[in-house]
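Here is how the chains run, residue by residue.
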Amino acid sequence: MLTATFTEPVPRGAHDATTPAVLEVDHDQLDDFAMQVIEHLWPHLKGHDVGAVHIYLRDNRRSGWATDGDRTLAMFTVDRAPHRPTTIDEETTSP
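Asker: Describe the side chain of serine 63, naming the residues involved and giving the relevant values.
Answerer: With respect to the helices and strands, serine 63 occurs in strand β4 (residues 63-67). Owing to a relative accessible area of 18%, serine 63 belongs among the buried residues under this scheme. Once residues within four sequence positions are removed from consideration, serine 63 is found in contact with Tyr56, Leu57, Arg58, Phe76, Thr77 and Val78.

Structure below.
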């Protein structure tokens, strides 16, 4: 699971900016995570002359930012929960 916690109001520097709620994604596919971050941010960006949003993650994938190409719109931290198996591994659970 990936969690994005927004560290400041969005869009950054706007007089009517608001801080988005924490976003939790129940898997660790980065491309889908990026799309969900964009969808999560979009209501905060309406009316601020934003045409496109790009998501970038730092190399260590512990933080990221959203940009429209000219300005930084949002900053966030990324937490990754440990992988939880969905099936029981009988070899490790048998006596």
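Asker: Explain the sheet that holds strand β2 (residues 23-25) residue by residue, including any values.
Answerer: Pairing is antiparallel in the open sheet, where five strands are placed in the order β2-β1-β5-β4-β3. Whereas interior strands pair on both sides, the edge strands pair on one side only; in this sheet they are β2 and β3 (54-57). Sheet twist, expressed as the average angle between the axes of neighbouring strands with direction ignored, equals 25°. Judged from the three bridges that link them, strand β1 (residues 2-6) and β2 form a sheet pairing that is antiparallel.

Asker: Any details on the nonpolar core? Residues and values, ideally.
Answerer: Here is a general trend for soluble globular proteins: nonpolar side chains tend to be buried in one another's company. Membership of the largest hydrophobic core comes to 20 residues, with the highest contact counts inside it found for Phe33, Val37, Leu41, Val53, Ile55 and Phe76. Elements represented by at least two residues in this core include exactly β1, β2, α1 (30-45) and β5 (72-80). At six residues, the largest contribution of residues to this core is made by α1.

Asker: With reference to specific residues and values, describe the pattern of salt bridges.
Answerer: Overall, the coordinates contain three salt bridges when judged by the stated rule. When the shortest N-O distance is used, the salt bridge between glutamate 8 and arginine 12 registers 2.8 Å. Here aspartate 28 ties to arginine 80 by a salt bridge, and the two come within 3.7 Å at their closest N and O atoms. Here the residue aspartate 28 occupies a position in the loop between β2 and α1, and arginine 80 occupies one in strand β5, the gap between them amounting to 52 residues. Of the residues examined, aspartate 28 reaches a relative accessible area of 40% and is grouped as partly exposed.

Asker: How would you explain the pairing of β3 if you had to name every residue and give the values?
Answerer: Where β3 lies against β4, four bridges are found, and the strand directions are antiparallel. Directly across from isoleucine 55, in β4, lies its bridge partner alanine 66. The turn joining β3 and β4, which pair antiparallel and follow one another in sequence, is formed by five residues; a positive phi near 55° is taken by arginine 61.

Asker: Talk me through the environment of glycine 13; I want residue IDs and the actual numbers.
Answerer: As for its placement among the helices and strands, glycine 13 is situated in the loop between β1 and β2. Counting along the chain gives 59 residues from glycine 13 to threonine 72, while the straight-line C-alpha distance between them is 9.3 Å.

Asker: Please set out the confidence of the model for the protein chain residue by residue, giving values where relevant.
Answerer: Confidence along the protein chain averages 86 in pLDDT terms, with 85% of residues attaining 70 or more. In this model, residues 86-95 is a region of pLDDT below 50 whose contacts with residues beyond four sequence positions or in other chains number one contact.

Asker: So what's going on with the packing of aromatic side chains? Residues and values would help.
Answerer: Within this structure, the stated rule accounts for two aromatic pairs. Ring centres of tyrosine 56 and tryptophan 65 lie 5.5 Å apart, and the angle between their planes is 20°; this geometry places the pair in the stacked category.

About the cut-offs
- Residues numbered from 1 in each chain as written.
- Predicted model: local features only at pLDDT ≥ 70, side-chain atom pairs only at ≥ 80, totals over all residues.
- Heavy atoms only, no water.
- Helix = DSSP H or I, 4+ residues; strand = E, 2+ residues; numbered from the N terminus.
- Buried < 20%, exposed > 50% of the residue type's maximum accessible area, 1.4 Å probe, protein only.
- Contact = heavy atoms within 4.5 Å.
- Pairing = 2+ DSSP bridges.
- Axes fitted to C-alpha atoms, helices over the stretch in contact; angles between N-to-C directions.
- Core = buried A, V, L, I, M, F, W, Y, C linked by side-chain atoms within 4.5 Å.
- Salt bridge = Lys/Arg side-chain N within 4 Å of Asp/Glu carboxyl O.
- pLDDT = per-residue confidence, 0-100.
- Phe/Tyr/Trp six-rings, centres within 6.5 Å; stacked < 30°, edge-to-face > 60°.

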